[in-house]
Amino acid sequence: MRQKIVAANWKMNMYYMSGIKLISEIVPLIADEVKGDVKVIIAPPFIHLHSAAQLMYGSKKVFLGAQNCFFEEKGAYTGEISAAMLASLGVQYVIVGHSERRNFFNEDDVIISKKIFRVLEDNMQVIYCCGETSVQREAGKHKDVVAKQIETALFWLSKERMQKIIIAYEPVWAIGTGVNATPEQAQEMHAFIRSLIEKKFGAGLAQETSIIYGGSVTPVNAKSLFSCPDVDGGLVGGASLISSDFISIVKAGE
Ligand code: PGA
């Protein structure tokens, strides 16, 4: 059975105290209310990581993620945070390739591949984001775009390292817009991504790889998206900032 995963991407939201409050609400709610085998990953801004690690300590369901890291090991890179620093705090997952980092911070395939290498090197797992723009979808190029993103970022990995990758399909037009992909659109793309993984790494690994959906997931649409056979949960932005909404979405992944 593939692991179901619901991950929270807080992006650049929540001041220190409000972030602590949110994690303090979420962790016990998940312990009390979520009975199924769904893994929850919370990726807050860096400032919250240390306290979040303490608040999640001992939880069997909630794990700590980071939204970014630098690809160099250490040294004179003012303002950057290394993967090893994150690992030293108890971070187990790092989001790489998010469209906001590709667009606003010019992260290209080379940078993304170096980050993936570094995160895996430091024994954490990667949540690798891919997805097309609305222009690309309207031109019928969405599968080509996603195939290229998957191939360039992941196809150089060994089979062993590929097992540490969670894929997040996040159509750019669905992120933060309130317009989610339909379950049919998500299922079609997830099955396509799984077929790419199968061709390169074999059927066993393709069946084990969790492919989660991101882009305007809400308590209302989560169940229909997560029920698709190839959709193994979600990466949630806006709706992860309200504890009751996030818990409902996690429960939809049970
Ligand atoms: P959203 O963001 O849920 O606010 O659309 C998802 C994401 O970018 O990970």
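Our subject is the structure listed above.
What comes next concerns the included structure. (Residues numbered from 1 in each chain as written. Predicted model: local features only at pLDDT ≥ 70, side-chain atom pairs only at ≥ 80, totals over all residues. Heavy atoms only, no water.)

Attention now moves to the site of the ligand. Close to the ligand lie 13 residues, the nearest being Lys-11, His-98, Glu-170, Gly-176 and Ser-216. The separation between an oxygen atom of the ligand and a polar side-chain atom of Asn-9 is 3.5 Å. Coverage of the ligand by the protein chains reaches 95% of its 280 Å² of free accessible surface. Grouping the amino acids of the shell around the ligand by side-chain chemistry returns four nonpolar, seven polar and two charged. (Near = heavy atom within 4 Å. Polar contact = N/O pair within 3.5 Å; in protein donor to acceptor, adjacent residues only side chain to side chain. Areas by Shrake-Rupley, 256 points an atom, 1.4 Å probe, with all protein chains shown as cover. Nonpolar A, V, L, I, M, F, W, Y, C, P; charged D, E, K, R; others polar.)

The next thing to look at is the pattern of salt bridges. One pass over the full model with this rule turns up 12 salt bridges. The partner of Lys-115 in a salt bridge is Glu-107, with the nearest N and O atoms 2.6 Å apart. One network of salt bridges, with partners in common, ties together Arg-2, Arg-194, Asp-230 and Asp-232. (Salt bridge = Lys/Arg side-chain N within 4 Å of Asp/Glu carboxyl O.)

Going through the model one piece at a time under the given rule, you end up with four aromatic pairs. One aromatic cluster is present, built from ring pairs that chain together Phe-70, Phe-71 and Tyr-77. Directly above the aromatic system of Phe-63 lies the positively charged group of Lys-39, at a separation of 5.1 Å from the ring centroid. The ring of Phe-105 carries the charged tip of Arg-101 above its face, separated from the ring centre by 4.0 Å. (Phe/Tyr/Trp six-rings, centres within 6.5 Å; stacked < 30°, edge-to-face > 60°. Lys NZ or Arg CZ within 6 Å of the ring centre and 35° of its normal.)

Taken in spatial order, the eight strands of this closed barrel run E1-E2-E3-E4-E5-E6-E7-E8, and their pairing is parallel. When the angles between neighbouring strand axes are averaged without regard to direction, this sheet yields 30 degrees. Across two bridges, strand E3 (residues 62-66) lies against strand E4 (residues 93-96) in parallel orientation. For Gly-65, the partnering residue across the bridge sits in E4 and is Tyr-93. Docked against the sheet, helix H2 (residues 49-56) engages strand E2 (38-43) and E3, running at close to 165 degrees with respect to E3. (Pairing = 2+ DSSP bridges. Helix = DSSP H or I, 4+ residues; strand = E, 2+ residues; numbered from the N terminus. Axes fitted to C-alpha atoms, helices over the stretch in contact; angles between N-to-C directions. Contact = heavy atoms within 4.5 Å.)

Helix H7 (residues 142-154) packs onto helix H5 (residues 109-121) with a crossing angle of 50 degrees between their chain directions and a minimal axis gap of 9 Å. Regarding the angle of H5 to H7, the classification is oblique. Between H5 and H7 lies a crossing whose hand is right-handed. Along its contact with H5, which presents Asp-109, Ile-112, Ser-113 and Ile-116, the element H7 presents Lys-148, Thr-152, Ala-153 and Leu-154. (Parallel < 35°, antiparallel > 145°, perpendicular 65-115°, else oblique. Left-handed = near helix turned anticlockwise from the far one by under 90°.)

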